[in-house]
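Architecture and fold: a report
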Amino acid sequence: MRFAVFENKIIPDKLLDSPQKTLQISSIEKIPLQKKNPSYKYNQELQQQLSGKQLLLDDLAYPLSEIHQHYENGHLQYRKGIIIEKSKHTCNRCGNRDKHLFAWFPCARCGEKCFYCRKCIMMGRVTTCTPLLSWTGPESQLNVKGPQLHWSGTLSIGQQTASKRVKESVLNNKELLVWAVCGAGKTEVLFEGIDAALTTGKRVCLATPRTDVVLELTPRLKKVFPNIPVASLYGGSEGRHLNAPLTITTTHQLLRFYQAFDTVILDEVDAFPYSVEETLQFAVRQSRKQVSSMIYLTATPNEKWQKECNQGKREFVTIPARFHRHPLPVPHFKWCGNWEKQLKKERLPQNVLQWIKQRLDSQKQSLLFIPKIDKMERILPIARQLHPKIEAVHAEDPLRKEKVQAMRNKEIPMLLTTTILERGVTFPNIDVAVIGTEDRIFTESALVQIAGRVGRSSHAPGGDITFFHYGKTEAMIRARKQILHMNAEARKKGLIDY
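An account of the accompanying structure is given in this report. Note that the structure is predicted; figures quoted are calculated from it, not measured. (Residues numbered from 1 in each chain as written. Predicted model: local features only at pLDDT ≥ 70, side-chain atom pairs only at ≥ 80, totals over all residues. Heavy atoms only, no water.)

Along the chain, Q24 falls in the loop between β2 (9-12) and α1 (44-50). Accessibility expressed as a relative area gives 4% for Q24, which makes it buried. Separated by 41 residues in the primary sequence, Q24 and S65 place their C-alpha atoms 18 Å from one another. Reaching out from Q24, the side chain makes a polar contact with the side chain of T128 at a distance of 3.4 Å. (Helix = DSSP H or I, 4+ residues; strand = E, 2+ residues; numbered from the N terminus. Buried < 20%, exposed > 50% of the residue type's maximum accessible area, 1.4 Å probe, protein only. Polar contact = N/O pair within 3.5 Å; in protein donor to acceptor, adjacent residues only side chain to side chain.)

Structure follows, in structure tokens:
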């Protein structure tokens, strides 16, 4: 598509009455905003679909003439899909600046060589002739009246402290890091803050890097906020145009949002892919209103954030203990020699075999984390010599969900796994070991999360966590230190009894 600049507004070429000079929207120096016409009778369905969003024309099932009429009456804005400065391209939707992630094609819509962003193409193609559309008319009313929380549970002392801080940050549009140990009950800590936001007419987003967490959180939050619409967004989900007061979404879906939320809560801020993907971090920032609150949740903040917390440069609150008031299990370090060399001879180190046999003999379920899939596939037949029902699972395994469920049903005595099960999966009474802990995939964050699989249930608050290694790493030492620090803080605050 091409646009003409005429009488301080832009006009799509298809709507021109007479020949005018036209340009790709990316070539227009400044796109004029139109004065809002308060008496304009706008399309309420279009308002619902575009409020807090940045969408392509292809995403909207309305005539171009109707869409443009909303622009002329100040109820809609066109933004450049791609910004070009000094021959450098920036995607306005995802923030991509990597020249290798832009490509061009001969475009039938604008008749020119058109560049497009490959980084966010899964959301629809953004090109140099593509406008991004956002709503600038009256805000849609969320119709939330009075407190909405319906929950009769109780919070631990540590949870109460964190809940109060979350609520204060939400009401005062502040940022806060909630640093809570694995199994501390982070979700419950959010309830009062979300309720306070909704009661004051704020729009809330709970974002997480992983689809399975969205699927887990949606029914829980619908149960405690039963009288409001809750949008649940992930790849392939329905209800994409639901303009709800509470949205639960993957961070990828936030690429469609623009200055939408008064409160953004980001769960698992340390989790892949958010932790390494600048596009997703850009999407979270862009989804917030200019005046808004931001709550980060994690059990394992990165080294930079930990340093900022310790130096007083970042607002944070800790929940250093689980609700059952038992300390976190502390990892044991056990040297196992050159385990990869032994594996080539179809053998496992003796102390690893001994660890597996002890769990099988005592009929206690266990997880064995392995750094690579090919190594796991070689260990599986060796482990099955000890018990035929031992299974292995990884991210690309088509039976992944079934195997995890079989583990929950206690049909499997032991599950070999990659880091895919380091978070988001809870088994009530298990021991955990890592073989090859020296591998760089086992970061401090990953190791704290893996250790956090143990002792989560009040019926089985203890358990064994062992790191088998061929040389200690800084990540191992830092992970153990972090767990010991949390236990010490919990004891000091009177949050554990043992």
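In spatial order, the strands read β11-β12-β10-β13-β14-β9-β15; together these 7 strands make up an open sheet with parallel pairing. In this open sheet, the two strands that pair with only one neighbour each are β11 (230-233) and β15 (316-319). The sheet shows a mean angle of 15 degrees between the axes of neighbouring strands, taken without regard to direction. Examined bridge by bridge, strand β9 (residues 175-180) and strand β14 (residues 288-298) share 5 bridges and lie parallel to one another. Residue pairing in the sheet places L176 in a bridge with I295 of β14. Docked against the sheet, helix α3 (residues 157-171) engages β9, β13 (261-266), β14 and β15, running at close to 155 degrees with respect to β15. Its contacts with the sheet put helix α4 (residues 186-199) on β9, β10 (204-208), β12 (246-250), β13, β14 and β15, and the angle it makes with β10 is roughly 155 degrees. (Pairing = 2+ DSSP bridges. Axes fitted to C-alpha atoms, helices over the stretch in contact; angles between N-to-C directions. Contact = heavy atoms within 4.5 Å.)

Here we come to the pattern of salt bridges. Any two side chains of opposite charge can pair, given that their charged atoms come close. Under the counting rule described, the total for this entry stands at 29 salt bridges. Among the ionic pairs, R314 bridges to E308, the shortest N-O distance being 2.9 Å. Here R314 matches E308 in class, with each residue buried. The structure contains a network of salt bridges with shared partners spanning R359, K364, D431 and D464. (Salt bridge = Lys/Arg side-chain N within 4 Å of Asp/Glu carboxyl O.)

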